Amino acid sequence: MAREIVLDTETTGLDLRQGHRLIEVGGLELEDLMPTGRTFRRLINPERLIDPDAIRVHGITDDKVRDAPVFRLVAAEFLDFVGDAPLIAHNAAFDRGFINHELGLCGLGELPEPRWIDTLKLAQTRFPGMANTLDALCRRFRISLVERTLHGALIDARLLADVYLELKGGRERALDLGAGVTARAPATAADGAAAGAGHGPRPRPLTPRLSEAEAARHLAFLEAQLRDLSLWTANGLEVGLRADAGAPA
């Protein structure tokens, strides 16, 4: 199965060049576009004060991170969680810049750009000229924002996973029971012969799992609801002696 990691970060401010640092990282694991339930979230002590404007966005104060570990103490755990999976983020350059800056301060290798999937770019391709913030996409895809009073790395990662699923057409693909089946011409006698040659009768028939009582209830339901039982009788169902059984509707 395809393993991917959805990531989000919160920071002391917006600009690395002004010395801003990571204060929270959150992520969740996907397999074939669906969450596995495995998540990662850590508050980080940034070793500096958090800008008031940033606090108004995410609600993480200096007091909340004062006793949190510095990034180098959680770096190995973080790298173990992401492994070698593709990394999904909204405006990925921002998250990649802060994470790679912290990894660099620890003397660790960067997470290279080709590993990252930017959902902002995916959304801009699909909805050119429209608002494509995470909030706007959630509203467009009718993803509930009721639990998101403030930004938070793991909350936003969960929302982004739902958005990513929609952007990839995952819901439609999951519900398409005919996926991979293409239209074809009606079967011919030769087709039937070929199919019969490849798939003969079972050497040992399956034991019926339907009890007599269940079969009787099923038959009673059919006779009460349907006028035409020809489809059922053609497939071996023994109907009762009702006068209109099998009669056309």
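Worth saying up front: this structure is predicted, and the values here are computed from it rather than measured. (Residues numbered from 1 in each chain as written. Predicted model: local features only at pLDDT ≥ 70, side-chain atom pairs only at ≥ 80, totals over all residues. Heavy atoms only, no water.)

Some thoughts on the overall build of the protein
- For the protein, the count of helices and strands is eleven helices and five strands.
- Across the 249 residues of the protein, 35% fall into the buried class.
- By sequence separation, contacts in the protein at least 24 residues apart represent 60% of the contacts at least 6 residues apart.
- Just so you have it, the protein exposes about 15,700 Å², and 56% of that area is on carbon and sulfur atoms. (Helix = DSSP H or I, 4+ residues; strand = E, 2+ residues; numbered from the N terminus. Buried < 20%, exposed > 50% of the residue type's maximum accessible area, 1.4 Å probe, protein only. Contact = heavy atoms within 4.5 Å. Areas by Shrake-Rupley, 256 points an atom, 1.4 Å probe, with all protein chains shown as cover.)

A closer look at unusual backbone geometry
- If you check the backbone angles, N91 has positive phi at about 60° while not being a glycine.
- Relative to the helices and strands, N91 resides in the loop between strand 4 (87-89) and helix 4 (92-105).
- Judged by its relative accessible area of 35%, N91 is partly exposed.
- Notably, R142 is not glycine yet its phi reads approximately 60°, a positive angle.
- Looking at where R142 falls in the secondary structure, it is placed in the loop between helix 6 (134-140) and helix 7 (153-167).
- When its relative accessible area of 80% is taken as the criterion, R142 is described as exposed.

Topic: the nonpolar core
- L7, F71, F78 and W116 are the most contacted members of the largest nonpolar core, which has 21 residues in total.
- For this core, the secondary-structure elements that each account for two or more residues are strand 1 (3-11), strand 2 (22-31), helix 3 (75-82), strand 4 and helix 4.
- Beyond its immediate chain neighbours, meaning those up to four positions away, F71 contacts L22, I44, F78, E102, L103 and C106.
- Ranked by size, the runner-up nonpolar core spans 20 residues in total, among them F127, L134, I143 and V163. (Core = buried A, V, L, I, M, F, W, Y, C linked by side-chain atoms within 4.5 Å.)

Side note on helix 7
- Taking 1.5 Å per residue, 15 residues should reach 21 Å; helix 7 reaches 20 Å between its end C-alpha atoms and fits that length.
- Counted residue by residue, helix 7 has twelve buried out of 15 residues, so it is predominantly covered.
- Three or more residues of helix 7 are buried, namely A153, L154, D156, A157, L159, L160, A161, V163, Y164, L165, E166 and L167.
- At the exit of helix 7 stands G169, carrying a positive phi of roughly 70°. (Expected span 1.5 Å × (residues − 1).)

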